Structures are given as C-alpha cells and as structure tokens.
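# Remarks on the overall topology
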Amino acid sequence: MATVEENKKLIKDVLATYPEKTAKKREKHLNVYEEGKDDCGVKSNKQSLPGVMTTRGCAYAGSKGVVWGPIKDMIHISHGPVGCGYYSWSGRRNYYIGTTGVDTFGTMNFTSDFQERDIVFGGDKKLSKIIDEIEELFPLNGGISIQSECPVGLIGDDIESVARAKSKEIGKSVVPVRCEGFRGVSQSLGHHIANDMIRDWVFPAADAENAEFEGTPYDVAIIGDYNIGGDAWSSRILLEEIGLRVVAQWSGDGTFTEMKATPKVKLNLIHCYRSMNYISRHMEEKYGIPWLEYNFFGPTKIAESLRTIAERFDETIQAKAEEVIKKYQKQCDDVLAKYRPRLEGKTVMMMVGGLRPRHVVPAFQDLGMKMIGTGYEFAHGDDYKRTTKYVDDATLIYDDATAYEFEEFVKKLKPDLVASGVKEKYVFQKMALPFRQMHSWDYSGPYHGYDGFAIFARDMDLALNSPTWGLVGTPWNK
Ligand code: SF4
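Residues numbered from 1 in each chain as written. Predicted model: local features only at pLDDT ≥ 70, side-chain atom pairs only at ≥ 80, totals over all residues. Heavy atoms only, no water.

Our next topic: the sheet that holds strand β3 (residues 110-111). With parallel pairing, the four strands of this open sheet are ordered in space as β3-β2-β4-β5. Each of the sheet's edge strands pairs with one partner strand only, and the pair in question is β3 and β5 (174-177). Packing against the sheet, helix α6 (residues 124-137) makes contact with β2 (75-79), β3, β4 (144-148) and β5, and its axis sits at approximately 155° to β2. On the sheet, helix α8 (residues 159-170) packs against β2, β4 and β5 and is oriented at approximately 170° with respect to β5. (Pairing = 2+ DSSP bridges. Helix = DSSP H or I, 4+ residues; strand = E, 2+ residues; numbered from the N terminus. Contact = heavy atoms within 4.5 Å. Axes fitted to C-alpha atoms, helices over the stretch in contact; angles between N-to-C directions.)

What follows is the structure in structure tokens.
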C-alpha cells in the first residue's frame, strides 16, 4: 500500500494536468488520511467545476429518487418535462410489497410532461388536472407528492396553491416539493428539501391523527434505508428478532401512514445519516425522540450496532440481542470460511454517495479486504469527520472526484476491485478491472444484515475471481 507521501505526490501529479485555477480549486477536495487526525481534511459540498465530469445528481434526484419516491402508496408526480422522471425511473431498485397500480405505485412513472405551452402559460392548471386524473384512475393512492423539476421553478409556478386547493378537494395530502434540480450543489440539497417538506406539510397534519396511536415501549423507526434489493427487510428481521416493533420504514417499502406515525416512536434508527439526519433532528427537537446511527454492513458492525441499539432498551432486549448475534454466528462463520480465503488481502477503491464510502468499509474488512481509497459524491464536512473512524493511515480521500481524477487514481493505485456507480462501471470493466456497483448493488442485494452479508461476500467473490478478467488485458500491462 502507498504511503502518505506517495499518495500526496499522486494527487499533485494528477492535478498537474489541469489549468492552474482548476488545480487550485480541486486540490482542496483531495487528501490523504493521516492516522490520529479527526478529519479527512477535504473541502466538500461545494459546486462542481464547469467542464469536469462530475458523478453527482440534482436536487430533484435527491428528493424524488431517494427520499419520496420509495413511499409506495403515494403517487409522486415528476412535475416538468418528461426526461427527468423517465431517465431516473426505478433506477434505485427500491423493493416493495403491494399490487402495483392498485394500492402501490413504486415502479410507475407519473409526469406532467411539460411542453412549450406550459413553459409560456404556466403548468398549474395541468397539474390540477393530473391530480384529478390520478384520483379517478388510482383511487387507492394514499396521497400525492409534487416533485418539481427545473422549469417549474424557473417560470415561478405556484405549486403550493395547487397543492392546498387539491388537498382540500380530494381530502388527501398533496405535498409540494420545491426540489428543482438547479437548487444546491448536488442531490444532497434535494434530500434536505424533501425532509423539510415532511416537517412542514406532513407532520403538522399527522399530529391530530396520531392521537389514536397505541404505542409500546419498543417502537422504533428505520430511517434512511431505501430497501435497495431488500436491504430494509434484512434489517427489519434483526430488529424484530431482538424484540423491537418497527413502526415505520423510511422510505424503502414504506407507506405514508407509517411516515405520519413516526413521531410516536421511542427511537429513530438512522442508517443513511446524510439523507435523513435533518428530519431525525427535527423529531428530536419537536417530539423529543432520540436518534441513533447504526451500521448493518458486515458481521462486526451488525453485532456492534445490535448491542448499541439494545442498550437503549431494557435487559430483555439486551439479552435477545445477544441471542440473535449468537444465532447468526454459524451462518457468518460459514460465509467467512468460504469466501475469506478467496478475498483475503485484496484491495478496494470506492466512490459512492453520502454514506457507503465509510459504512461498507468494515464489511470488506470482515472479508480480509483493504480499502485504499474512498470518496463521496455529495458528502458534507460531518461525513468526512465520521469517515476517520473507518479508514486506515494513508487512505486516499477524494471528494466529488471527477471522472479523470478517479480514473487516474485507479490506474496508479491498481486496486483489485473498484466499487462505485453505473457511470464508472464500464470505464473500469473495459480496463479489465473487477467492479461492483455500490448504489444499486449491481442488480443484486440485499447487502444489509446477516442475510445481506452472505450475498455481499458472494458478489465480491464473483466480481473478483471471475475467470473473465484473464481474457482481457489491462492497458497498463500491454
Ligand atoms: S437538473 Fe433539472 S432538468 Fe436536469 S434532471 Fe434535475 S430537475 Fe431535471
């Protein structure tokens, strides 16, 4: 593995290709972690530079694609031109149970399909008409959200008025979300806006409905698990096995009713901190509900998290947590016995969204693998502080890495595996490098929980030890 000095030189060499001004700006986003420091020392959550290829998404992607989209019994209107919704349609594989088109709508795409005349004359009437049509065609929907795309904000449509009027008329919640793509520097602001709309448009009305809620001392909510390939299910099983009652899932396989009941739980359990810390902080301030971050990637962190969660409850739950950890020990041992010898010592470089670049590291370590570089698309300063607890000395850190930077880093550090997104996948696979998509689990999953770890280990083995790689040569070896 490269030393701190070698990696610092690598950053300098890669930056040398840029014009001086660009290099100066990008330099602040790249660093090498040095043991003992409490920060990775990179700038983050800043606008990407014009002219570079960023992998970031927009605020609409953060709201519709991440936070709101998976609420399965609601209909989420992609309000604006058809492309934004069409190209982001079902991309995150948020699994759900229900009858699509009747009581659940997760894999359907609703759009107001803006045309020139809507830009000129405004789209409010069209929006109103769409809501009428939705009510007629899908009467079992639990509510509607309006996910604004760029043109809606640019022409200044009053979606809040439409939402208020239609909500009154149809007797259901209609939530306007001002998540136009141009807001903020990445999808991260979309998460924040989506959280804020739940705070302002959902919770106040829900408070009255929650008067009837019959609580137990063991009520929790899973926050920030999008059920990619079934992640929330393999997590929920464990929480229920230790004796907790999962009242709500935010938002993978979640319902609007669950969302509204969340202010009644005793503890919010946050998996993806970046996308849902805002609403958790709000629930703490307004309703006094504490929140706890946990990590269900890999047996080490799963056991640690189960114990930390159980500590918040009584001895019954604590004893059950120990039982559950013990129960899955054999399964974990079998997985490790099978895969660890095949993966031991392999190196990985990651570049994902706002949580996984640190959260998945221990799962790789459980398999004997080593993270030599990691970075986020849209992390903030608090994410990079948290990352220091996961990475080793001399790990290369890159914030909002450009396509060029990531490619050059990989070429120089030559990891055995690259774990990133679909935009990177084919670039690296064409270099004959084993690759796994870490946003969508590469059409596999779940990766959370003990059951997910077995699949994670198998997938990493499949990627790394496929005989295919011997048939193509890496450019630097030719
Ligand atoms: S940036 Fe605007 S136009 Fe592009 S996908 Fe996002 S909302 Fe749509």
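This brings us to the pattern of salt bridges. Within the structure shown, the criterion is met by 39 salt bridges. Of the charged contacts in the structure, one is a salt bridge between Lys330 and Asp334, with a shortest N-O distance of 2.8 Å. Here Lys330 pairs with Asp334, and both are found in helix α14 (residues 315-343), just four residues apart, close to one helical turn. Note that Glu408 and Lys411 form a salt bridge whose closest N and O atoms lie 3.5 Å from each other. In this pair, Glu408 and Lys411 both sit in helix α18 (residues 403-413), three residues apart, roughly one turn of the helix. Given the relative accessible area of 28%, Lys411 is considered partly exposed. What you see here is one network of salt bridges that share partners, running through Lys425, Arg436, Asp442, Arg458 and Asp459. (Salt bridge = Lys/Arg side-chain N within 4 Å of Asp/Glu carboxyl O. Buried < 20%, exposed > 50% of the residue type's maximum accessible area, 1.4 Å probe, protein only.)

One finds Trp68, Ile198, Trp250, Met350, Phe364, Met438 and Phe456 to be the most contacted residues of the largest nonpolar core, which totals 61 residues. Counting contributing residues, this core receives three or more from each of domain 1 (59-184) and domain 2 (211-327). (Core = buried A, V, L, I, M, F, W, Y, C linked by side-chain atoms within 4.5 Å. Domains from an automatic or database assignment.)

A contiguous nonpolar surface patch, about 640 Å² in accessible area, is contributed by Ile119, Val120, Phe121, Leu154, Ile155 and Phe182. Elements represented by at least two residues in the nonpolar patch include exactly α5 (116-121) and α7 (150-155). With three residues, the top contributor of residues to the nonpolar patch is α5. With respect to the helices and strands, Ile119 occurs in helix α5. We classify Ile119 as partly exposed; its relative accessible area is 36%. (Patch = residues over 30% accessible without salt bridge, like charges linked within 9 Å, V, L, I, M, F, W, Y side chains within 5 Å. Areas by Shrake-Rupley, 256 points an atom, 1.4 Å probe, with all protein chains shown as cover.)

Negative phi characterises most residues that are not glycine, and trans characterises most peptide bonds. A cis geometry characterises the amide bond from Trp250 onward to Ser251, with omega recorded as -10°. Here Ser251 shows up in strand β7 (residues 245-251). Each neighbour pair has its own omega, and for Gly445 with Pro446 the value is 0°, a cis peptide bond. One non-glycine residue, Asp253, lies in positive phi territory at about 55°. Here Asp253 shows up in the loop between β7 and α11 (256-261). The backbone of Ala432 shows a phi angle near 65°, a positive value even though the residue is not glycine. Its location among the elements puts Ala432 in the loop between α19 (422-429) and β14 (435-437).

Domain parsing of the chain yields domain 1 (59-184) and domain 2 (211-327). Put simply, the middle of domain 1 and the middle of domain 2, counted by C-alpha atoms, are 28 Å apart. Of the residues lining the interface, 16 residues belong to domain 1; the matching set on domain 2 comes to 16 residues. The largest contributions to the domain 1 side of the interface with domain 2 come from Val67, Ile71 and Tyr95, which together make up 33% of the buried area. Across the domain 1-domain 2 interface, the total number found is one salt bridge. Here Asp253 ties to Lys72 by a salt bridge, and the two come within 2.8 Å at their closest N and O atoms. (Buried area = accessible area lost by both parts, 1.4 Å probe.)

Close to the ligand lie Cys58, Tyr60, Cys84, Glu149, Cys150 and Gly181. Of the residues contributing to the shell around the ligand, the split by class is four nonpolar, one polar and one charged. (Near = heavy atom within 4 Å. Nonpolar A, V, L, I, M, F, W, Y, C, P; charged D, E, K, R; others polar.)

This part takes up the packing of aromatic side chains. Applying the stated criterion across every chain, the model contains 22 aromatic pairs. Ring geometry for Tyr328 and Tyr450: centres 4.7 Å apart, planes at 10°, overall stacked. One end of the pair, Tyr328, is in helix α14; the other, Tyr450, is in helix α20 (residues 449-464), and 122 residues separate them in sequence. With relative accessibility at 7%, the residue Tyr328 sits in the buried group. A relative accessible area of 4% places Tyr450 in the buried class. Members of the aromatic cluster, connected to one another through ring pairs, are Phe297, Phe364, Trp441, Tyr447, Phe453 and Phe456. Between Arg386 and the ring centre of Tyr273, over which it is positioned, the NZ or CZ distance is 3.9 Å. (Phe/Tyr/Trp six-rings, centres within 6.5 Å; stacked < 30°, edge-to-face > 60°. Lys NZ or Arg CZ within 6 Å of the ring centre and 35° of its normal.)

What follows concerns α8. For α8, spanning twelve residues, the distance from its first C-alpha to its last is 16 Å, which sits close to the expected 16 Å at 1.5 Å a residue. Those residues of α8 that fall on the buried side of the exposure criterion are Ile159, Val162, Ala163, Lys166 and Ile170. Buried residues of α8, seen end-on, are gathered within an arc of 100° and therefore sit on one face of the element. Turned more than 90 degrees off the buried face of α8, the exposed positions are Arg164 and Lys168. On its buried face, α8 is in contact with β2, α6, β4, α7, β5 and α9 (187-209). Within two residues after α8, Gly171 carries a phi angle of roughly 70°, on the positive side. (Expected span 1.5 Å × (residues − 1). Arc of directions from axis to C-beta.)

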